[in-house]
Amino acid sequence: MRPDQHTILVVEDETSIATFIAAYLRNAGYAVRTAASVRDAVNELAAAQPALVVLDLNLPDGDGVELCRRIRKTSDVPILMLTARDDDVDKIIGLEVGADDYMTKPFNPRELVARVKSVLRRAVPDRRVRASEELRHGDLVINAGKREVHVGDEEIRLAPKEFDLLWELLDHRGIVLTRDQLLERVWGYTFAGDTRTVDVHVRQIRRKLGDASPIVTVWGVGYKVASERAPAPTS
Ligand code: CA
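Caption draft 1: Representation of the coordination of the calcium ion within the structure. Donor atoms from the polypeptide that coordinate the calcium ion comprise D13 (OD), D56 (OD) and N58 (O), at 2.1 to 2.4 Å from the metal. Site description for the calcium ion: donor spacing in sequence, D-x42-D-x1-N. Remark: D56 occurs in strand β3 (residues 52–56) and D13 occurs in the loop between β1 (7–11) and α1 (15–27); sequence separation between them is 43 residues. Residue D56 is classed as buried on the basis of its relative accessible area of 2%.

Caption draft 2: Examining the packing of aromatic side chains more closely. Using the criterion set out here, one finds 1 aromatic pair in the structure. Ring plane angle 75° and centroid distance 5.7 Å describe the contact between F20 and Y24, whose orientation is recorded as edge-to-face. Here F20 and its partner Y24 are both found in helix α1, 4 residues apart, which amounts to about one turn of the helix.

Caption draft 3: Region of interest: unusual backbone geometry. The peptide bond linking K105 to P106 adopts the cis configuration, its omega dihedral lying at -5°. Checked against the element boundaries, P106 lands in the loop between β7 (101–104) and α5 (109–123). The backbone of R147 shows a phi angle near 50°, a positive value even though the residue is not glycine. Mapped onto the elements, R147 comes out in the loop between β9 (140–143) and β10 (148–151).

The rules behind these values
- Residues numbered from 1 in each chain as written.
- Predicted model: local features only at pLDDT ≥ 70, side-chain atom pairs only at ≥ 80, totals over all residues.
- Heavy atoms only, no water.
- Donors = N, O, S within 2.8 Å, 3.2 Å for Na, K, Ca; no water.
- Helix = DSSP H or I, 4+ residues; strand = E, 2+ residues; numbered from the N terminus.
- Buried < 20%, exposed > 50% of the residue type's maximum accessible area, 1.4 Å probe, protein only.
- Phe/Tyr/Trp six-rings, centres within 6.5 Å; stacked < 30°, edge-to-face > 60°.

Written out as C-alpha cells, the structure reads:
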C-alpha cells in the first residue's frame, strides 16, 4: 500500500454491488476493505482504520442507521450512506445520524467515486491552501502569484493546466499521484477515463522544460517529483 493511499471500508451485503463499488474505488487509487454485515463492519473498522466508510442502510444483522450512530460515538470517520429509496435519504437526514453524504441506489459508480473524493477532501486539511507562493526544484522556480515559471534566468511559458499540473506535483514532492488524482486535482470534478489528458500535459511540460523537468513517470501508477535533486555543487 502506498503511504498516501486511503483505505475505504465498503459495508454492503449485496455482493454484486460491493464488488462493483470496490472495483471503481480501487481503480481510483484507494485501498478497499469490504464487510457484509454489521458484525464484520465493526471488526473491520477496528482492524483497518478506514479513511471513509461507504455504508448500506439495510444489512442482514442490523441497520446502517444504528451502525452509523454507533460509529459516531467514537469516531469522526466520514460516512457515505447508500439507500434503496429517496425517502430514506430524507428520513436519515431528519434523524441526523451523522453521515457525511448519501446516495440512492441505483447510482453511477463514477459519481460514488466523485462523492468519496469530495467527502475526503472536506475531511482532510485543504492541501490547496498554498503554504508558499513559490516552489523551487533545482534551477526550476515556479511562482503561483505571478504564475511564472523560470529555469535559471529564462522564463518558460506554460499553458494554464500545464502550470497547475506542475504545481500540484511539486507541491506533493516525493508522493506519487495517480492520473486520476491529478485529473481530479487539476481539472476538478472529473471522471476516470480521461487520463490520457494528464500524459499529454506531462509531455508538453517536459518538452518545454527540457532537462529542468522534475517529473518522474512511475510506471503503472502515475507521476511524481523526486524529493529533491542533489544540490548543484557550488564553486
Ligand atoms: Ca443491503
